[in-house]
Amino acid sequence: MNNENLPRHIGIIMDGNGRWAAQRGLPRTQGHRAGVEAFERICEYAADIGIPYLTFYAFSTENWARPPEEVAAIMALFRRQLESTKLRQAENEQKRWRIRYIGDLREGGPVPPDILQLLREMEQSSAGMDRTVVNIAVNYGGRQEILGAARRLARLCAQGELGPDALTEQDMEAGLYTAGQPMPDLIIRPSGEQRLSNFLLWQCAYAEFWFSDVLWPDFTPAHLDEALAAYAARNRRFGEI
Ligand code: FPP
């Protein structure tokens, strides 16, 4: 595949961890653990083949409604993953992933403060990395993101810095978590579901979609290649003919 046909930005909805575990008679947490391994594997491969931006949906604003034991187990997994990554500095230098977290990560929100601290440290320690940008969506919701961007514009208008009739799409985009990054070209959702689940709603206006029945923990570079081949064969017209 030539580079021209590679997406610059891929969004991935990591779905199917629970079913993967259930199929093996394991607790759901084991599925999430295997999901973290798939995340590492796919990031590494995508960075290798030269995808400059990746966005992974790890935890949505709606996921808090899961049973408290499962939410606590996922938070514990995030904590462990962040702590262990922090200790592997040599490996991080080699991977050169610039990690960014997108979502409502304000203090006083539902994400435990020690995890917020670890997320900030991870962003800071990887800020100079240049191989690929890896956005991880935590406490993320697309509508909430758009609402946040609209509130920012409302404030700027109220302060007289912008006029309502002169607002542009760029003004909105400046208030999104992905400000400054290209829009996703390709969204991948494994596990048989064919919906967006509040993921990157504004950004997906012209994205291509690729769905697969494979469960996220089973997702391999070969599946990513399949998605990329399908993407390369699409005729993107952006509303033109
Ligand atoms: C989706 O599968 C998984 C989640 C909502 C949980 C969080 C994701 C991970 C632990 C993987 C990546 C983590 C990092 C740190 C990047 P599901 O539970 O909805 O599966 P199901 O649809 O089969 O029940």
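For the structure itself, look to the data block above.
This write-up is about the structure you can find in this document.

**Observations concerning the overall build of the protein chain**
Turning to step 1, where the next piece is worked out: Broken down by element type, the protein chain carries eight helices and six strands.
Turning to step 2, where the next piece is worked out: Counted from the first residue to the last, the protein chain has its helices and strands arranged as β-α-α-β-α-α-β-α-β-α-α-β-β-α.
Turning to step 3, where the next piece is worked out: Dimensions of the protein chain along its principal axes, counting C-alpha atoms only, are 60 × 45 × 35 Å.
Turning to step 4, where the next piece is worked out: Accessible surface, the protein chain as shown: approximately 12,300 Å² in total, 51% of it carbon and sulfur.

**Brief notes about the packing of helix α2 (residues 28-48) against helix α3 (residues 68-87)**
Turning to step 1, where the next piece is worked out: Where α2 contacts α3, the two axes come as close as 10 Å, and the packing angle between them is 35°. Along this stretch, α2 crosses α3, giving a crossing that reads as right-handed. Taking contact as the criterion, the partners of R28, T29, H32, R33, V36, F39 and E40 in α2 are, on α3, E70, A73, I74, L77, R80 and Q81.
Turning to step 2, where the next piece is worked out: Broken down by class, the residue content of the contact of α2 with α3 amounts to five nonpolar, three polar and five charged.

**Focus on the nonpolar core**
Turning to step 1, where the next piece is worked out: Ranked by size, the top nonpolar core spans 42 residues in total, and within it I10, F56, Y101, V134, I188 and W216 carry the most contacts.
Turning to step 2, where the next piece is worked out: With six residues, α2 is the largest single contributor of residues to this core.
Turning to step 3, where the next piece is worked out: In contact with F56, other than residues within four places in its own chain, are I12, M14, F39, I42, C43, V134, N135, I136, A137 and W216.

**Things to note about the pairing of strand β2 (residues 53-60)**
Turning to step 1, where the next piece is worked out: With seven of eight residues buried, β2 is to be regarded as a mostly interior element.
Turning to step 2, where the next piece is worked out: In this structure, strand β1 (residues 9-13) lies alongside β2, joined through five bridges in parallel fashion. Looking across to β2, one finds that I10 is bridged to L54.
Turning to step 3, where the next piece is worked out: Strand direction decides the pairing type here: β2 and strand β4 (residues 132-140), joined by seven bridges, are parallel. By the bridge assignment for β4, S60 is matched with Y140.

What counts and how
Residues numbered from 1 in each chain as written. Predicted model: local features only at pLDDT ≥ 70, side-chain atom pairs only at ≥ 80, totals over all residues. Heavy atoms only, no water. Helix = DSSP H or I, 4+ residues; strand = E, 2+ residues; numbered from the N terminus. Areas by Shrake-Rupley, 256 points an atom, 1.4 Å probe, with all protein chains shown as cover. Axes fitted to C-alpha atoms, helices over the stretch in contact; angles between N-to-C directions. Left-handed = near helix turned anticlockwise from the far one by under 90°. Contact = heavy atoms within 4.5 Å. Nonpolar A, V, L, I, M, F, W, Y, C, P; charged D, E, K, R; others polar. Core = buried A, V, L, I, M, F, W, Y, C linked by side-chain atoms within 4.5 Å. Buried < 20%, exposed > 50% of the residue type's maximum accessible area, 1.4 Å probe, protein only. Pairing = 2+ DSSP bridges.

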